[in-house]
Amino acid sequence: VLFTLASFTYTKDKAKAVEQMTAAYKPDLKFAPEDLDLFGEALIESKKINEAVQIYEKVNTDNPLPPGGNHKAASRETQEAQAIYLAGLGKALQEKGDAASKAQGAKMFAELEAKYPWSPKMLEVNYGTALALHDQKKDDEAIQRIQEVIRASKSSAELRAKSMLLLGKIHEANQRFELAIDNFIKISVF
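This write-up is about the structure you can find in this document. (Residues numbered from 1 in each chain as written. Predicted model: local features only at pLDDT ≥ 70, side-chain atom pairs only at ≥ 80, totals over all residues. Heavy atoms only, no water.)

A few points about a nonpolar patch on the surface
What counts, and what does not: Only residues whose relative accessible area exceeds 30% and that take part in no salt bridge are eligible for patches, with like-charged residues grouped when within 9 Å of each other and nonpolar side chains (Val, Leu, Ile, Met, Phe, Trp, Tyr) grouped when within 5 Å. For the area figures, the Shrake-Rupley method with a 1.4 Å probe applies, and any residue is considered shielded solely by the protein chains shown. Salt bridge, as used here, is a side-chain nitrogen of Lys or Arg placed within 4 Å of a carboxyl oxygen of Asp or Glu. Starting at the N terminus, helices and strands are each numbered in turn, a helix being any DSSP run of H or I of at least four residues and a strand any DSSP run of E of at least two.
On the surface, Phe-177, Ile-181 and Ile-185 cluster together into a nonpolar patch covering about 320 Å² of accessible area. Along the chain, Ile-181 turns up in helix H10 (residues 177-186).

Structure representation (structure tokens):
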């Protein structure tokens, strides 16, 4: 119940929502993966990356794959939880900023894409993969990923805005200044 309250608070006051979730969180209890995902995202935005990693590891621990690790034999709920785990952990690792963590985050995104391509988390994966591709100077591939996020009707306004910002940075890095300016202006729409 407290996580539901925090989810409503989150859109208006993220700091207060983090306080509410932190007070409600008990590591020995099992929570809905979606609630822990919101908590993990809030921790990432608050730059509490190590705590976010622990939250996503808990999602994995509480929702394990069947013996042998066969993701196809897992229930739909377990598969969705595993997708949340991979996307969240990938995002947290990318936010750490060092090259090794970014590479590990990209690996998590690739695993999610291979195992759960139907997941709603694929929009976040496309954005995270685009970040990794841009770091590797593979901007044409990054642009394709970003455009999928921008065009998706289920993409959140925040994710679209981040994607537009990244697209603008890519155009700027490639000296396509008019396109960069155009993308930076469009961000306010999202």
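Quick look at the environment of Ala-87
Assignment of secondary structure puts Ala-87 in helix H5 (residues 76-96). Considering only alpha carbons, one finds Ala-87 and Ala-32, 55 residues apart in sequence, at a separation of 16 Å.

Brief notes about the packing of H5 against helix H6 (residues 99-115)
This is how it is decided: The axes are straight lines fitted to the C-alpha atoms, using for helices just the contacting stretch, and the angles between their N-to-C directions are given from 0 to 180°. What sets the label is the angle itself: under 35 degrees gives roughly parallel, over 145 gives roughly antiparallel, 65 to 115 gives roughly perpendicular, and the rest give oblique. Two helices that cross are described as forming a left-handed crossing if the nearer one is turned anticlockwise from the farther one by less than a right angle, and a right-handed crossing if clockwise. In what follows, a contact means two residues having at least one pair of non-hydrogen atoms within 4.5 Å. Residues are grouped as follows: nonpolar covers Ala, Val, Leu, Ile, Met, Phe, Trp, Tyr, Cys and Pro; charged covers Asp, Glu, Lys and Arg; every other residue, Gly included, is treated as polar.
Direction vectors running N to C along H5 and H6 enclose 160°, while the axes themselves pass 7 Å from each other. Here H5 lies roughly antiparallel to H6, going by the angle between them. The crossing of H5 and H6 is left-handed. Residue-level inspection shows Ala-83, Tyr-85, Leu-86, Ala-87, Leu-89, Gly-90, Lys-91, Leu-93, Gln-94 and Lys-96 of H5 in contact with H6, the latter providing Ser-101, Lys-102, Gln-104, Gly-105, Met-108, Phe-109, Glu-111 and Leu-112. For the contact of H5 with H6, the residue count by class is nine nonpolar, five polar and four charged.

Some thoughts on the pattern of salt bridges
Using the following cut-off: The buried label goes to any residue with under 20% of its type's maximum accessible area, the exposed label to any with over 50%, and the partly exposed label to all in between, with areas taken from a 1.4 Å probe on protein chains only.
Taken as a whole and judged by the stated rule, the model has 14 salt bridges. Residues Lys-121 and Glu-41 are paired through a salt bridge, measuring 3.6 Å at the closest nitrogen-oxygen approach. Within this pair, whereas Lys-121 is found in the loop between H6 and helix H7 (122-135), its partner Glu-41 is found in helix H3 (residues 33-45), the two being separated by 80 residues in sequence. As far as burial versus exposure is concerned, Lys-121 and Glu-41 are alike and both buried. Where Glu-113 meets Arg-145, a salt bridge forms, and the shortest distance between an N and an O atom there is 3.1 Å. Taken together, the residues Glu-113 in helix H6 and Arg-145 in helix H8 (residues 139-151) connect sequence positions 32 residues apart. We classify Glu-113 as partly exposed; its relative accessible area is 28%. Since its relative accessible area comes to 18%, Arg-145 is described here as buried. Each member of the salt-bridge network shares a partner with another, and the members are Asp-37, Glu-41, Lys-91, Lys-121 and Glu-124.

Quick look at helix H4 (residues 49-62)
Rules: Given a helix with a known number of residues, its expected span is that number minus one, times 1.5 Å.
Under the 1.5 Å per step criterion, the end-to-end length of H4 is 20 Å for 14 residues, consistent within 8% with the ideal 20 Å. What H4 keeps buried is the set Ile-49, Ala-52, Val-53, Ile-55, Tyr-56, Lys-58, Val-59 and Asp-62. Among the structural elements, H3 and H5 are those in contact with the buried residues of H4.

Describing the packing of H8 against helix H9 (residues 157-173)
Running from amino to carboxyl end, H8 crosses H9 at an angle of 155°, the nearest separation of the two axes being 9 Å. Viewed along their axes, H8 and H9 adopt a mutual orientation that is roughly antiparallel. Taken as a pair, H8 and H9 cross one another with a handedness that is left-handed. Between H8, through Asp-139, Ala-142, Ile-143, Ile-146, Val-149, Ile-150 and Arg-151, and H9, the contact on the second element is made entirely by Leu-159, Arg-160, Ser-163, Met-164, Leu-166, Leu-167, Ile-170 and His-171.

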